[in-house]
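Structural overview
Chain by chain, the residues:
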Amino acid sequence: MKYVLAVERGERITLSELMRLDLNSRFTLAVLQSGQKPERYLMSAQVQSSDRGALPVAALRNPWKEICAASIGNALEFYDLLIYGYFAVVIGKLFFPTADETTSLLLSVGTFGISFVMRPLGAIILGSYTDRAGRKASLTMSIAIMMAGTAIIVFAPTYSQIGIISPLIIIVARMLQGFSTGGEFGAATAFMVEHADAKRRGFFASWQSSTQGLATVLAAGVSALISYTLTESQVNDWGWRVAFGVGLLVGPVGLYIRSQIDETPEFTKLPAVKQGNSPLSRVLVRDRMNLLLGIGVVAGVTAFNYVHKVYMPTYALTQLHIPATSSFVGALVTGVVLMVTAPMFGTLSDRYGRLRVLSTAVLMACLTSYPLFLMLTLWPTVTTLLAVQALVGLLIAACLGPIPAMLSEIFPTNTRGTGLALTYNFSVTFFGGFAPLIVTWMIAATANKMAPSFYVIATSIISITALLALGRRLGAVDKFSRSGTPSADRLDSAARSDGSHSEVMS
């Protein structure tokens, strides 16, 4: 069997040569057939076989290269964020020393939350940059900024060495990391969605959440290894710097990989953005209701995520008095389950609808948060912690798996990066970033170890209400069905014709 193809400029290549090509390049392949004009886009091209007829080249196009590129960088960025949360107790002693350990811890986790103040700013600037310059450019910039913030933390002198300037340096570094992460979700999710088959967007976009699980595994694994192999004195002296240094060393790999990927087909087909036609203004004016509802949808999910996953090692150490190594192993279990099962729930959302899967998951998170904390307080053992954290990983995966594709489908292509960034990061800032600080204060104020569950329940109710409103607004719970094509782009066209996107959505 001999396959012969042609590129638009007239060259002849065999199938073996085709397989060595970057199928996401700007080459346009066409069937060598008399009288046939080369097709405009790769997805519509065909391969000619002498004995089996025409085979679609779309079958040969594989988005895994782009998905992996976005996923690797995404995992590295979230690793840098998580590792700070896992070493909050150590950082509190070294950079925010006070006579009271609770106050020191509050200052440390408060600094963890300060980075989230920068997330909305990063979402605004990098989100708009994503819709103007492209997904690739924004992804490359965000990981470079994250590396700069991590480098500052690695080499920061402690309070005992330079005094009050030391915590200020940590705050600046955390602000840089927060700014970077503010643009990461929008760019990475838009990049994954736009490179994926329309009918499998839930599955491919869920790798954004899956790689957060991978980041949890890496961060918890490194933390557990350090706390197990080093003494407490060694961890305080230099061991914590090794944990941050791992991310700094691997960062250039992610930066290189992202610099080698191609832009998404959907973005390259967009017309140039006119001067003064800001993606931010379009989202705030045309898509404001979807933006607000999206923030509400993410609220309970991010609260459950940050309380049960990010804060849990600190809670296990300070409230349950479980050894540091075991508390990190619990987080590692959560990360493994999240990493493995998030794509499964993304696939379920392709089959049964985003809102249906997500509504069920958020309801389960709301109903189980109190019992999970009750189990931990009644039986504060390592076995209980591992069992609870395994279930937590499953619930987080069920929530985070469908969210990236769902949010991407309520914003059109020309503002998708901005809409995703604002929706996710405003919600994470308000309900997730300061969750460790809030629940730490709630425990101290009420002397009730169950207090974190009350916060999760309250925010879950917000999410359930927003999901019901979004389903009503879009016309049906199954609006995001396995047909896959985002409705936002069609609604965008209608909005241009009558001047009001909101009216079309009603």
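Residues numbered from 1 in each chain as written. Predicted model: local features only at pLDDT ≥ 70, side-chain atom pairs only at ≥ 80, totals over all residues. Heavy atoms only, no water.

A short note on the packing of aromatic side chains
Where we set the bar: In this analysis, rings of Phe, Tyr and Trp, with Trp reduced to its six-membered ring, are considered paired at centre separations within 6.5 Å, and the interplanar angle assigns stacked below 30 degrees, edge-to-face beyond 60, and tilted for intermediate values. By definition, any uninterrupted DSSP run of H or I lasting at least four residues is a helix, any uninterrupted run of E lasting at least two residues is a strand, and each is numbered from the N terminus. Three exposure classes are used, based on accessible area relative to the maximum for each residue type with a 1.4 Å probe and protein chains only: buried under 20%, partly exposed in between, and exposed over 50%. Charges are assigned to positions over rings by a cutoff of 6 Å between ring centre and Lys NZ or Arg CZ, combined with an angular limit of 35 degrees from the ring normal.
Applying the stated criterion across every chain, the model contains nine aromatic pairs. Ring centres 3.8 Å apart and planes at 10° place the aromatic pair Phe185 and Tyr424 in the stacked group. Of this pair, Phe185 sits in helix H7 (residues 165–195) while Tyr424 sits in helix H19 (residues 416–433), placing them 239 residues apart in sequence. One exposure class covers both Phe185 and Tyr424, and it is buried. Here the aromatic rings of Phe203 and Trp207 are separated by 6.1 Å at their centres, their planes lie at 90°, and the arrangement is edge-to-face. Residue classification places Phe203 among the buried residues on the basis of a relative accessible area of 12%. In textbook terms, an aromatic cluster arises when at least three aromatic residues are bridged by ring pairs, as seen for Phe95, Trp240 and Phe244. A cation sits over an aromatic face here: Arg174 above Tyr84, 4.4 Å from the ring centre.

Description of the pattern of salt bridges
Let me state the cut-off plainly: Here, a salt bridge means any Lys or Arg side-chain nitrogen found within 4 Å of an Asp or Glu carboxyl oxygen.
This structure, assessed with the given rule, holds 10 salt bridges. With its nearest N and O atoms 2.8 Å apart, the salt bridge here joins Arg286 to Asp287. The pair Arg286 / Asp287 is uniform in exposure class, with both members buried. Sharing partners across several salt bridges, the network here consists of Asp131, Arg135, Glu194, Arg201, Glu266 and Arg416.

Points about the side chain of Ser408
The line we're drawing: The criterion used for residue contact is that any of the two residues' heavy atoms lie within 4.5 Å.
Within the secondary structure, Ser408 sits in helix H18 (residues 403–408). Apart from residues no more than four positions distant in its own chain, Ser408 is found in contact with Val193, Arg416 and Leu420.

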